[in-house]
Each structure stands twice: as C-alpha cells, then as structure tokens.
Amino acid sequence: MTGTDPRAGLAARQAELVATLVAGGPPPAGFAAGPLAATRAALRRKRAGEVARHWPLLAAGLGTAWPATFADWAAERPTAGSLRDGWDLARALRERDALPPAGAEELAVREAGLRYDGRRAPRPRRLPAVARAGGAVAVQIAGRVRLVRPAARPPAHVGGPEPDAAGSATWISD
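Computed from a prediction, not measured in an experiment: that's the story for all the values here.

S.K.: Help me understand helix H4 (residues 66-74), please; the structure alone is not making it clear to me.
M.R.: Residues spaced three or four apart along an α-helix face the same direction, because each turn holds 3.6 residues. Residues of H4 that are buried include every one of Trp66, Thr69, Phe70, Trp73 and Ala74, and no others. End-on, the buried residues of H4 take up no more than an arc of 115 degrees, which puts them together on one face. Summarising the contacts, the buried residues of H4 are in contact with helix H1 (6-23), helix H2 (33-54), helix H3 (56-62) and helix H5 (82-95).

And the structure:
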C-alpha cells in the first residue's frame, strides 16, 4: 500500500477540532470562527452544569457568578471529569481566597474522605484524616466524614442573617 493513510489525516484534524472546542486551541483551517465560538461556549455551559451536579454547594455558593467563574477557569483546560474539574476549581478559588463558605465546606468534606493529587482519580482514604478549607474543618474516621466546623460567614445584617447563595444559613448552625 502506497501513500499516506487518509484515516491518520482525519484523526489529526479531529484532534485539532476537539482541542479548539474544549482546550482553547487555535481554530483549525477551514472552520468559521463564529460557529466554533458558539459551540465552545455551549460545551462550556454543559460542562459547568455537569460540574455543578458534583459540586452543588460550590456552584450555589458562587450564585450568579458560577457560570462566568467556571467559564473563565475552564477556558484553557481540557476536562478531567466533572468531579475532578470541580475539585481543581475549588482548590484554585481557595488559593485566590475566593472560595465561598459553602464551597469551602464541600471541599473540606471531600478532602477528608478522598485522596486526590490533581493527576489521578480520587481514592478513598484508609486512615483517619482532617481537612481544612476556608475555615471549615472536616474529619474522617472509619470511613465516615463529618464537618466539625463550618466555614465563617459574613457578619449578619441588621434585619437578620443574610444567607449566602446556597442558603446555608438556614441549615448550618454556627
């Protein structure tokens, strides 16, 4: 058989298109920029929804800022899966001191119960563990995780407590 395999060229073009859509790669030759941008935005919204299902308190804690926060963070990152994407985003927000209290509690609980190094899939912890995030403290003993201290909330308003976007002031006692 002589010549190049046409499937190899097709595979390379498909990989280039996927990199454009999900990892911020340059647009491949022959594609219109407008439809590519619309498809990229739609895929990012879908991805944000999937991450919000795995990290509901993080998404709710960010409230109306969730879509933009996630889109900005995910713009140049290919997905590692919804659980890991949310975990990586929560850690990035914690490093910038932008993690909402409900998200801090969710991150502390996850880190107490699972071991995640940022490269491989999370695995259950075998030994007791303590995790902290944004003032929240969670412990894991014998496979059970408990939030022992919730994250600090902003001071209450004069007319009464104002819950964060997750409404956690109504279900977490400080």
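S.K.: Please clarify how H5 should be interpreted in this entry.
M.R.: In this model H5 runs 20 Å from its N-terminal to its C-terminal C-alpha over 14 residues, within 8% of the 20 Å that 1.5 Å per residue would give. Within H5, the full set of buried residues consists of Ser82, Arg84, Asp85, Gly86, Trp87, Leu89, Ala90, Arg91, Ala92 and Leu93. Residues of H5 that are buried make contact with H2, H3, H4, helix H6 (101-113) and strand E1 (114-115). Positioned one or two residues after H5, Asp97 has a phi angle of 55 degrees, which is positive.

S.K.: Just checking my understanding: could you explain the packing of H5 against H6 for this structure?
M.R.: Working note: a packed helix pair is described by the angle between its axes plus the distance between those axes. Close contact between H5 and H6 brings their axes to 10 Å; oriented N to C, the two are set at 120 degrees. Taken as axis vectors, H5 and H6 run oblique relative to one another. Remark: the crossing between H5 and H6 carries left-handed chirality. Seen from H5, the contacting residues are Leu83, Trp87, Ala90, Arg91 and Arg94; seen from H6, they are Leu107, Arg110 and Glu111. Partitioning the contact of H5 with H6 into residue classes produces four nonpolar, no polar and four charged.

S.K.: What is the right way to read unusual backbone geometry from this model?
M.R.: For residues besides glycine, phi is generally negative; the peptide bonds are generally trans as well. With a phi angle near 55 degrees, Asp97 is a residue other than glycine that sits in the positive phi range. With respect to the secondary-structure elements, Asp97 resides in the loop between H5 and H6. Backbone geometry at Ala142 places phi at a positive 55 degrees, although glycine is not the residue there. Its place among the elements puts Ala142 in the loop between strand E4 (136-141) and strand E5 (144-149). Classification of Ala142 as exposed rests on a relative accessible area of 74%.

S.K.: Just checking my understanding: could you explain the environment of Arg132 for this structure?
M.R.: Relative to the helices and strands, Arg132 resides in strand E3 (residues 129-133). Since its relative accessible area comes to 60%, Arg132 is described here as exposed. The sequence separation of Arg132 and Pro150 amounts to 18 residues, and the corresponding C-alpha distance is 9.9 Å. Not counting residues within four places of it along the chain, the set of residues in contact with Arg132 comprises Arg94, Ala108 and Val137.

S.K.: Honestly, the packing of aromatic side chains in this entry has me stumped. Any pointers?
M.R.: Describing an aromatic ring pair means giving the distance of the ring centres and the angle of the ring planes. Under the criterion given, the structure shown has four aromatic pairs. A ring pair is formed by Trp55 and Trp87, whose centres lie 5.9 Å apart and whose planes are at 70 degrees; its orientation type is edge-to-face. Placement of the pair is Trp55 in the loop between H2 and H3 and Trp87 in helix H5, with a sequence separation of 32 residues. In this pair, the class of Trp55 matches that of Trp87, namely buried. Aromatic pair Phe70 and Trp73: ring centres 5.8 Å apart, planes at 45 degrees, arrangement tilted.

Calculation notes
Residues numbered from 1 in each chain as written. Predicted model: local features only at pLDDT ≥ 70, side-chain atom pairs only at ≥ 80, totals over all residues. Heavy atoms only, no water. Buried < 20%, exposed > 50% of the residue type's maximum accessible area, 1.4 Å probe, protein only. Helix = DSSP H or I, 4+ residues; strand = E, 2+ residues; numbered from the N terminus. Arc of directions from axis to C-beta. Contact = heavy atoms within 4.5 Å. Expected span 1.5 Å × (residues − 1). Axes fitted to C-alpha atoms, helices over the stretch in contact; angles between N-to-C directions. Parallel < 35°, antiparallel > 145°, perpendicular 65-115°, else oblique. Left-handed = near helix turned anticlockwise from the far one by under 90°. Nonpolar A, V, L, I, M, F, W, Y, C, P; charged D, E, K, R; others polar. Phe/Tyr/Trp six-rings, centres within 6.5 Å; stacked < 30°, edge-to-face > 60°.

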